[in-house]
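So you can see what is in the structure, the chains are spelled out below.
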Amino acid sequence: MAVLVKKQSLRVLSPVNASHDLNVRMHKRSKSTPLSSNTLSHRKSQQLLPKGDSTNIEVVVRLRGLLPREKDHQHECLAHTPVDGDYHKISLIPKDSSAQSKKYREPKLFEFDRCYNSFDDTSACYASQLNVFKNTGEKMVNNTLEGFNSCILAYGQTGSGKTYTMMGTKSNPGLIPLVCKDLLNKLNKMVDTKHELTLSFFEIYQETAYDLLNDQKNQKLRVREGTDKIPFLENLSEYPIASADDAQRWINKGIDHRTTAATNLNTESSRSHSILTLKLVQEKFNPENSSIVKLTSNLRLVDLAGSEKSIATEGLDAKRLKEGNKINKSLTTLGRVLTLLSENSHSKNNILIPYRESMLTWLLKDNIGGNSKTTMVACISPTDFDESLSTLRFATITSKICNHAILNEESQTNLNDVIEKYEIEKQDLLEHIKNLESFKSEMEDSVANLSVHETDLEDLQNEISEKKDTIRKLNNYVSWQNKYIETISFQSKIKEGKLKKNFDNLKSAQEQLLTNYVVQQQQNAVNDKLENVLQDKLTNDKELQFTTVQKIDELILQVEDLSILRHLSSVQDDLDEIANLPILSSDDESDSDYWWDNNDN
Ligand SMILES: Nc1ncnc2c1ncn2[C@@H]1O[C@H](COP(=O)(O)OP(=O)(O)OP(=O)(O)O)[C@@H](O)[C@H]1O
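What you see is a predicted model; the values in this text were computed from it and never measured.

Caption draft 1: Quick peek at the site of the ligand. Close contacts around the ligand come from 16 residues, with Thr158, Gly159, Lys162, Ser269 and Ser270 the closest. At a separation of 2.7 Å, an oxygen atom of the ligand approaches a polar side-chain atom of Lys162. A distance of 2.6 Å is found between an oxygen atom of the ligand and a side-chain nitrogen or oxygen belonging to Ser269. The protein chains hide 79% of the 630 Å² of surface that the ligand would expose on its own.

Right, here's the structure in full:
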């Protein structure tokens, strides 16, 4: 198995190179910050070299474990730390050992100052958040206390664990909170040193710097360069911090203001580079030469935005795409600057470094190529071979850069000034003691007055305890009352329910009755009408009957008259007939005895 080994060089500048560089630096500093000749003189005069260290940027690698999402998709772990516990090494094993390209066939082995495995706690290279602080963060705290500028820079692809390493979580705090806590603990134990610690926090979002501690977050900050050519942000707010809680409050505020968004590879992806700076100014008295030594140092904690392949923002809106492009662009510039710096560290040519090409490299100028002890934490994800390879190559280039940290020390050597300064402080202290004494005597007077009223106080206390007892009883009574009210109100609720039900029933019965009444009324009206009609009919009928009866009577009369007439007429007829009768012969008498026998009809 062919193994590619990249030897990391921990190059220390040759004394010739170091003195040359430091003299150039000193020259620039003394030109830009003229110091008063009789009072304040830089401890390192033109003849003396400043105390300093020339060391390569330290590189540590942190390998995170598989995330639940990656486990669900059964991603393989492609990065490994050695089982023998050699914490300098880390290897990347390609997924497909039969791939055509050599790049994807052979494992890659890298060596760095330290490689942390963050998921397998049985591994000898395992490192929890606290281990990372102990091995990487704590020495930066010590550098700062010694008066050196220091910087920790988290680099890596998106979702590889930079923010987790720098900020961590509430239950697993990262480097930033742990560094703040340790620095403050150590400062508070230093009784012979006066110190002032301030904190500032900003982000670079799409090539513009914003103050993360300013409530008006959209105010753009401009980069300026002092006479010493050190870039700084104009109007960036700085807050004094006295305790770890103070620091945490400002950090939380900054986190709230930082630009983050969900991408395909990280639900809370940082869309900006964030830079937190702790600035420490210390003053110590040096009894050897009766001077005051002033140490000024910065500790910068940088969480870079992650490099992104297009997959991170695929399908997302144009804003995310633009952010991704800007992030990649500024990281490319950072890569170019670091490459040139590493070339300068290895050759006598002094290539001009294009720091100003991006705001990030401009503001980190001193940390990546100058007066700073710097550590890069290269974070890698175990599932992305290409991105991890690119991060480890970037880290290899960075590890070749040599920085020259100098002790930022000034000393006040004029004894009169020292005495004058102490005299002022002594006067302040005496004034303070005087105030305290008068306060003390006021307090003593109050105590004396108090003893006079001691008996009253006892009575009052008895009264208070009686009142308390009454209050307790009242409270009991009130709570009993409350319970009673609760019961009553419960019962009345039930009653109310029943009443409501009855009321509803009554209401529906009433409505029914009303309906019936209306129907009845209508029925009555119909009945009345019918009755009237019948009555009318009856009346008509009676009249008809009466008329009929009359008519019948008339008819009867008429009939009677007619029959009489008829009778009379028939009688007449008979009479007429009789009158006309012939006189009968004896012959006729044989046929019939009487004529009427033949005229029956
Ligand atoms: N060492 C670790 N142990 C446990 N979880 C981790 C570790 N490193 C990262 N994670 C988890 O992985 C996810 C991505 O981590 P993080 O947000 O720190 O990535 P990032 O590199 O800062 O990403 P970006 O560049 O997109 O901001 C988070 O859910 C985080 O909690």
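Caption draft 2: View of empty space enclosed by the protein. Under the counting rule described, the total for this entry stands at one cavity of 30 Å³ or more. The space that makes up the largest cavity amounts to roughly 70 Å³. Mapped onto the lining of the largest cavity, the elements with two or more residues apiece are strand E10 (193-205) and helix H7 (318-346). Considered class by class, the residues forming the lining of the largest cavity number four nonpolar, four polar and three charged.

Caption draft 3: Summary view of the packing of helix H5 (residues 175-189) against helix H6 (residues 244-257). Their axes nearest at 9 Å, the elements H5 and H6 cross at an angle of 150°. It follows from the interaxial angle that H5 and H6 lie roughly antiparallel. The handedness of the crossing between H5 and H6 comes out as right-handed. Seen from H5, the contacting residues are Ile176, Pro177, Cys180, Lys181 and Leu184; seen from H6, they are Ala244, Ala247, Gln248 and Ile251. Here the contact of H5 with H6 is composed, by residue class, of seven nonpolar, one polar and one charged.

Caption draft 4: Local environment of the packing of aromatic side chains. Tallied over the entire structure, the rule returns five aromatic pairs. A centroid spacing of 3.9 Å and a plane angle of 15° characterise the contact between Tyr239 and Trp250, whose relative ring orientation is stacked. Here Tyr239, found in strand E15 (residues 239-240), pairs with Trp250, found in helix H6; they are eleven residues apart in sequence, far enough to count as distant. Here Tyr239 falls in the partly exposed class, since its relative accessible area comes to 25%. Measuring from ring centre to ring centre gives 6.2 Å for Tyr477 and Trp480, while their planes differ by 25°; the resulting arrangement is stacked.

Caption draft 5: Structural context of helix H3 (residues 129-146). Its 18 residues place the ends of H3 24 Å apart at the C-alpha level, agreeing with the 26 Å of an ideal helix rising 1.5 Å per residue. At Gly137, H3 shows its largest bend, some 40°. Directly beyond the C-terminal end of H3, a positive phi value near 105° is found at Gly147.

Caption draft 6: Summary view of the UniProt feature "binding site: ATP" (unreviewed entry) in the protein chain. If you check UniProt for "binding site: ATP" (unreviewed entry), the listed places come out as Gly156, Gln157, Thr158, Gly159, Ser160, Gly161, Lys162 and Thr163 in our numbering. Counting through the fold element by element, Thr158 comes out in the loop between strand E9 (150-156) and helix H4 (162-166).

Reading the values: rules and limits
Residues numbered from 1 in each chain as written. Predicted model: local features only at pLDDT ≥ 70, side-chain atom pairs only at ≥ 80, totals over all residues. Heavy atoms only, no water. Near = heavy atom within 4 Å. Polar contact = N/O pair within 3.5 Å; in protein donor to acceptor, adjacent residues only side chain to side chain. Areas by Shrake-Rupley, 256 points an atom, 1.4 Å probe, with all protein chains shown as cover. 1 Å grid on protein atoms, 1.4 Å probe; cavity = no way out; pocket = protein on both sides within 12 Å on 5 of 7 lines; lining within 4 Å. Points joined across faces, edges and corners; volume = space filled by probe spheres on them. Helix = DSSP H or I, 4+ residues; strand = E, 2+ residues; numbered from the N terminus. Nonpolar A, V, L, I, M, F, W, Y, C, P; charged D, E, K, R; others polar. Axes fitted to C-alpha atoms, helices over the stretch in contact; angles between N-to-C directions. Parallel < 35°, antiparallel > 145°, perpendicular 65-115°, else oblique. Left-handed = near helix turned anticlockwise from the far one by under 90°. Contact = heavy atoms within 4.5 Å. Phe/Tyr/Trp six-rings, centres within 6.5 Å; stacked < 30°, edge-to-face > 60°. Buried < 20%, exposed > 50% of the residue type's maximum accessible area, 1.4 Å probe, protein only. Expected span 1.5 Å × (residues − 1). Bend = angle between axes of the 7 residues up to and from the residue. UniProt positions renumbered as here; feature names shortened; annotations may be inferred.

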